[in-house]
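The residues making up each chain are set out below.
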Amino acid sequence: MQLGPHSLANPWILAPMAGVSEAPYRRIARALGAGATPTELVSARGLIRGQARSRHYLEHDAGERPFWVQIFGGEPEIMGDAAACARDLGAEVLDLNMGCPVKKVVKTGAGATLMRDLSRAAKIVEAMATKSGLPVTAKIRSGWDADSVNAAEACRVLAAAGCVAVSIHARTRAQGYSGRADWGVIADAVEVSPIPVIGNGDIKTAEDARARLAESGCAAVMIGRGAMGNPWIFAQLAGRRADGPTNQERLEMLRRHLLAHVEFTGRELVAIRRFRPHLIWYSRGLAGAAEFRRQAMRLDGLAQVLALCDTFFGGAEDAAADEEIEIEADVAFG
Ligand SMILES: Cc1cc2nc3c(=O)[nH]c(=O)nc-3n(C[C@H](O)[C@H](O)[C@H](O)COP(=O)(O)O)c2cc1C
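Residues numbered from 1 in each chain as written. Predicted model: local features only at pLDDT ≥ 70, side-chain atom pairs only at ≥ 80, totals over all residues.

**Q** Teacher, can you tell me more about the overall build of the protein chain here?
**A** For the protein chain, the helix and strand inventory stands at 14 helices and ten strands. The C-alpha radius of gyration of the protein chain comes to 19 Å, within 12% of the 20 Å expected for a compact globule of 334 residues. Along the first, second and third principal axes, the C-alpha atoms of the protein chain reach 55 × 45 × 35 Å. Counting across all 334 residues of the protein chain, residues that qualify as buried make up 50%. (Helix = DSSP H or I, 4+ residues; strand = E, 2+ residues; numbered from the N terminus. Rg over C-alpha atoms; globule rule 2.2 N^0.38 Å. Buried ≥ 20, exposed ≤ 12 C-beta atoms within 10 Å, placed from the backbone.)

**Q** Explain helix H6 (residues 118-132) to me, please; I cannot follow it from the model alone.
**A** Spacing of three or four residues puts side chains on the same side of an α-helix, whose turn is 3.6 residues. If you check H6, its first and last C-alpha atoms are 21 Å apart, about what 15 residues at 1.5 Å a residue would give, namely 21 Å. For H6, the complete set of buried residues consists of Ala121, Ala122, Ile124, Val125, Ala127, Met128, Ala129 and Ser132. Buried-residue contacts for H6 involve helix H4 (76-88), strand E6 (93-98), strand E7 (136-141) and helix H7 (151-161). Within two residues after H6, Gly133 carries a phi angle of roughly 70 degrees, on the positive side. (Expected span 1.5 Å × (residues − 1). Contact = placed C-beta atoms within 7 Å.)

**Q** Got a minute to help me understand the pairing of strand E8 (residues 165-169) in this structure?
**A** Successive side chains on a regular strand alternate, one facing one side of the sheet and the next facing the other. Taking burial as the measure, the five residues of E8 include five buried ones, the bulk of the element. Judged by which residues are buried, E8 turns out to be covered on both faces: Ala165, Ser167 and His169 on one side and Val166 and Ile168 on the other are all buried. In terms of strand pairing, E7 meets E8 through five bridges, oriented parallel. Note on E8: the bridge partner recorded for Ala138 is Val166. (Pairing = 2+ DSSP bridges.)

**Q** I tried to follow the nonpolar core on my own but got confused; where do I start?
**A** A general trend in soluble globular proteins is that nonpolar side chains are found buried together. Grouped together as the largest cluster of nonpolar side chains are 89 residues, with contacts concentrated most on Ile71, Val125 and Leu158. Grouped together as the second largest cluster of nonpolar side chains are 15 residues, Met253, Ile272, Phe292 and Phe313 included. (Core = buried A, V, L, I, M, F, W, Y, C linked by C-beta atoms within 7 Å.)

**Q** How should I be thinking about the domain arrangement of the protein chain in this particular structure?
**A** Many structure descriptions define interface size as the accessible area lost when the parts assemble. On domain assignment, one finds that the protein chain holds domain 1 (2-237) and domain 2 (247-315). Distance from the C-alpha centre of domain 1 to the C-alpha centre of domain 2: 28 Å. Residue-level contacts link ten residues of domain 1 with eleven residues of domain 2. Classifying every residue of the side of domain 1 that touches domain 2 gives six nonpolar, two polar and two charged. (Domains from an automatic or database assignment. Nonpolar A, V, L, I, M, F, W, Y, C, P; charged D, E, K, R; others polar.)

**Q** Even after reading the chapter, I still don't get unusual backbone geometry, so can you show me in this structure?
**A** What is expected of a backbone is that most residues other than glycine have negative phi and most peptide bonds are trans. Each neighbour pair has its own omega, and for Arg65 with Pro66 the value is -10 degrees, a cis peptide bond. Along the chain, the position of Pro66 falls in the loop between helix H3 (52-57) and strand E5 (68-72). Even without being glycine, Asp202 reaches a positive phi, approximately 65 degrees. In this structure, Asp202 sits in the loop between strand E9 (197-200) and helix H9 (206-216). Classification of Asp202 as partly exposed rests on a count of 19 C-beta atoms within 10 Å.

**Q** I'm lost on the environment of Gly99 in this one. Help?
**A** Examined against the element boundaries, Gly99 turns out to sit in the loop between E6 and helix H5 (103-106). The sequence separation of Gly99 and Arg173 amounts to 74 residues, and the corresponding C-alpha distance is 7.1 Å.

**Q** When you look at helix H12 (residues 268-282) in this model, what are you seeing that I'm missing?
**A** Over its 15 residues, H12 extends 20 Å from the first C-alpha to the last, a length consistent with the 21 Å expected when each residue adds 1.5 Å. For H12, the secondary structure elements touched by its buried residues are helix H11 (247-265), helix H13 (289-296) and helix H14 (302-315).

**Q** Which parts of the structure should I look at to understand the environment of Asp145?
**A** Summarising the element assignment, Asp145 is placed in the loop between E7 and H7. The exposure class of Asp145 is partly exposed, given the 15 C-beta atoms found within 10 Å. Put simply, Asp145 and Phe264 are 119 residues apart on the chain and 38 Å apart in space, counted from C-alpha to C-alpha.

**Q** Sorry if this is basic, but what is going on with the sheet that holds strand E10 (residues 220-223) here?
**A** What holds strands together in a sheet is hydrogen bonding between their backbones, with the strands either parallel or antiparallel. If you trace the eight strands from one edge of the open sheet to the other, you get E3-E10-E9-E8-E7-E6-E5-E4, paired in parallel fashion. With one partner strand each, in any of the chains shown, strand E3 (12-14) and strand E4 (41-43) form the two edges of the open sheet. Averaged over all pairs of adjacent strands, the angle between their axes in this sheet comes to 30 degrees, without regard to strand direction. Bridge count for E4 against E5 is three bridges, and the pairing is parallel. Looking across to E5, one finds that Leu41 is bridged to Gln70. Lying on the sheet, helix H8 (residues 183-192) is in contact with E8 and E9; it crosses E9 at an angle near 175 degrees. (Axes fitted to C-alpha atoms, helices over the stretch in contact; angles between N-to-C directions.)

Following this line, the structure appears as structure tokens:
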């Protein structure tokens, strides 16, 4: 799969996820075999104003190539300027967020609203490409709602505007994250799209990923919730291992991720609190996870959290039931 001049090592991509696809987890996903790791959504206005938070989102390792940055915003001129800022901070590929369903974002003309205004989305892509000189991709939804599914049409319009690839989260904005992703929409878009299509939605296992890629004919797939607390999915896809992680591997990965997260965040207390969802995800499927989470959610100190993890993962066994993946209700995503 190509993104402009950049060839991806494989078609297994970590989906952009606010609070998850930060530099430490992107590094882990890549080390285990992910072919690409776009950033979470970054505000165009924040980039232009030089806000510390937006710049922080663009921190990355020199080895993260191509460095693929997702931007959200609704005005072509501002998006063009933001694209140039992102390039100056190291971006090599840019992604336009056309999927974020959150009201705060949608009402500014950004995110999923762009599915209802493809001509504005096209102007944004043109501005981003012209001002940055970088390849631009877009991440879209199936459509705004069930009556306006227009992913295939969006692929044509975005390609004509200069997009080099489109990722499709096969749910409408109205669906949010509920219901099932409709991979038929992705297969239909593949048929007509002049540019590579990346499929996304409900991939939970390596087998799912391989099957969806083959059935839909898309060029690559993005894995979101199925990769939370589970970077091993990329090792399985890269053919580096067949099984899931042992408890000891979970513990080692969690420690590595947490310590990198503390370093990335810079403030221990803030880092520990933001890391709490990851503790939940790494403990998914293990017996006694509910009690571990109750205890973990009360701890603010790094040493305490690490000690609790040592005890829990040292003794936990697999639970019989597979748990559903929970989403934090207040995260802004696409
Ligand atoms: C916590 C969370 C944060 C997300 N943040 C973003 C984001 O910043 N940008 C984006 O385009 N999509 C975002 N998404 C959507 C995912 O990239 C993906 O499209 C969606 O989760 C469907 O894929 P999945 O079924 O594999 O999870 C987010 C999803 C979740 C669960």
